[in-house]
Amino acid sequence: MAKVFKHVGLWLAVLFAALCTAGLLVVHAQGEDNALYQTVLGKAVNFGITAGTLNHESDLQTNFATKHYTNVKGQHANPNLTGTTTPGDFLIGQMDHDLKITEGPSANSTYYVTQKDVAKVKRDNQNEQPNVNTNYTKDQLDGYVDNMINSALNEGGKLANQPATANVIIQTSPYNDKVTIDTTKSGDDATIYIDPSSNEKCYKALSTNGNLTIKKKPNQNIVFNITTAPSSGTTLDLAKYAIETTDGQSFDTTPDSNAGDTNKRLDSQAQHIFFNVRASGIKNVTLTNTAGIFLLQDADASVGGTSSGWIVTNKSFTNNGGEWHYIHPSPRPMVTDNINKRKGLTEADKDLCNKFSAQ
């Protein structure tokens, strides 16, 4: 009988490993960090920008993943705000222009490009070669970007299906357009869903620098489900806002171009505030001195003033009016075999798969 169970166990192990390798089975190990931002972003958590097309028109202090890259103005990328020597990797399916790398932490990045584009990845120090990986085809790189975008936007769809939270206090003034959203009556780790279109002043405050203040507990998640286009047209502006937390922090989303306490504080809340743009009538989103997680379904993104956090769009990203800052301290390097073998598996999943494969 013992031999029977041993054979059954080995057979199950082989089956499990085969499913893992095919990407058909996803296992979540106990103890894995299930913070909402990680669940929603998936592997896009490791990139400041994940976009169908990236038009690089001003300095970028971030890494990125894109299917199509342009850099008409010859701008530099310098992802130096994570506060660590690990700035994250770059993934580019097609390069129309050179990617210029500022010396610093970006020397530790790996640049995943096709063999055709390898000469377009250039460090300022021409005596030093960038760490370029050309093992994958354009279709494979594009597929990986598409998988990240689709996964994050599908999670955004789930967020959009949640009803607005009932006990949110939205304070407005008869004298000006300032709005305060107070979620401190909700639980310490609650996720609060807000429909800004239900309050005209709230919607307007999202678009005006300095008019919105969010009062919250430090670990609460705030999700703005934007399912209605603004009355002004097809462009949505998302602007600077202020955050006050019950542990005594008070700051706004003004960016900082240096790694340090300002960005650590900003990151601590950017990972909890979601702007989930789902309205079919919104074709363009302009981001001005704001921060958070920006999920854009079928909308182009542009930067009107330097902003921070994560952005995912299945359309284009253009930073024609400022920089994008990736300030999260722990981007993980790409796992190369996941591009064409184990799509959708987390690092914990693959570790578990490898354990079974070794039996």
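Data block above holds the structure.
Each value, and the rule that gives it
- Residues numbered from 1 in each chain as written.
- Predicted model: local features only at pLDDT ≥ 70, side-chain atom pairs only at ≥ 80, totals over all residues.
- Heavy atoms only, no water.
- Helix = DSSP H or I, 4+ residues; strand = E, 2+ residues; numbered from the N terminus.
- Buried < 20%, exposed > 50% of the residue type's maximum accessible area, 1.4 Å probe, protein only.
- Contact = heavy atoms within 4.5 Å.
- Areas by Shrake-Rupley, 256 points an atom, 1.4 Å probe, with all protein chains shown as cover.
- Pairing = 2+ DSSP bridges.
- Axes fitted to C-alpha atoms, helices over the stretch in contact; angles between N-to-C directions.
- Salt bridge = Lys/Arg side-chain N within 4 Å of Asp/Glu carboxyl O.
- Polar contact = N/O pair within 3.5 Å; in protein donor to acceptor, adjacent residues only side chain to side chain.
- Core = buried A, V, L, I, M, F, W, Y, C linked by side-chain atoms within 4.5 Å.

*Asks:* For the overall build of the protein, give the residues involved together with the corresponding values.
*Replies:* Within the protein, the secondary structure is distributed over six helices and 22 strands. The burial tally for the protein puts 48% of its 359 residues in the buried class. Sequence-distant contacts in the protein: of pairs separated by 6 or more residues, those separated by 24 or more amount to 60%. Surface summary for the protein: the accessible area is close to 15800 Å², and the carbon and sulfur share equals 48%.

*Asks:* Could you give an account of unusual backbone geometry, naming the residues involved and the relevant values?
*Replies:* Not every positive phi belongs to a glycine, and asparagine 289 is a case in point at roughly 55°. Within the chain, aspartate 298 stands out as a residue other than glycine whose phi angle is a positive 60°. Examined against the element boundaries, aspartate 298 turns out to sit in the loop between strand E19 (291-296) and strand E20 (300-305).

*Asks:* Describe the sheet that holds strand E10 (residues 179-182), naming the residues involved and giving the relevant values.
*Replies:* Taking strand neighbours across the sheet as the criterion, the five strands line up as E9-E10-E12-E15-E16 in an open arrangement whose pairing is mixed. Pairing within the sheet leaves two strands with one partner each, and these edge strands are strand E9 (169-172) and strand E16 (250-252). Between one strand axis and the next, the sheet turns by 15° as a mean value, whatever way the strands run. Across three bridges, the pairing between strand E15 (residues 241-245) and E16 is antiparallel. Each bridged residue has a counterpart across the sheet, and for alanine 242 the counterpart in E16 is aspartate 252. Contacts between helix H5 (residues 261-270) and the sheet are confined to strand E12 (212-216), E15 and E16, with E16 contributing the most and set at about 90° to the helix.

*Asks:* Give a description of the pattern of salt bridges that names residues and reports values.
*Replies:* Tallied over the full model, the rule gives nine salt bridges. In this structure, lysine 73 engages glutamate 57 in a salt bridge whose closest nitrogen and oxygen atoms are separated by 4.0 Å. Separated by 16 residues along the polypeptide, lysine 73 in the loop between strand E2 (64-70) and strand E3 (76-77) and glutamate 57 in the loop between strand E1 (49-55) and E2 bring together distant segments of the chain. When its relative accessible area of 51% is taken as the criterion, lysine 73 is described as exposed. Between aspartate 146 and lysine 67 there is a salt bridge whose closest N-O contact spans 3.0 Å. With aspartate 146 in helix H3 (residues 138-160) and lysine 67 in strand E2, this pair connects stretches of sequence that are 79 residues apart. The exposure class of aspartate 146 is partly exposed, given its relative accessible area of 27%.

*Asks:* Run through the side chain of lysine 217, naming residues and quoting values.
*Replies:* With respect to the element layout, lysine 217 can be found in the loop between E12 and strand E13 (221-226). Among the polar contacts listed, one links the side chain of lysine 217 to the side chain of aspartate 188, at a separation of 3.2 Å. With sequence-adjacent residues up to four places away left out, lysine 217 is seen in contact with Thr184, Ser186, Gly187, Asp188 and Thr246.

*Asks:* Lay out the environment of proline 333 in plain terms, naming residues and giving numbers.
*Replies:* With respect to the element layout, proline 333 can be found in the loop between strand E22 (324-325) and helix H6 (347-357). On the accessibility criterion, proline 333 (55% relative accessible area) is exposed. The sequence separation of proline 333 and glycine 88 amounts to 245 residues, and the corresponding C-alpha distance is 6.0 Å.

*Asks:* Can you break down the nonpolar core residue by residue, with the values?
*Replies:* Counting 54 residues, the largest nonpolar core has Leu99, Phe224 and Phe317 as the members making the most contacts within it. With four residues, helix H4 (residues 200-206) is the largest single contributor of residues to this core. Once residues within four sequence positions are removed from consideration, phenylalanine 224 is found in contact with Ile181, Ile194, Leu206, Leu212, Ile214, Ile273, Phe274, Phe275 and Asn276.

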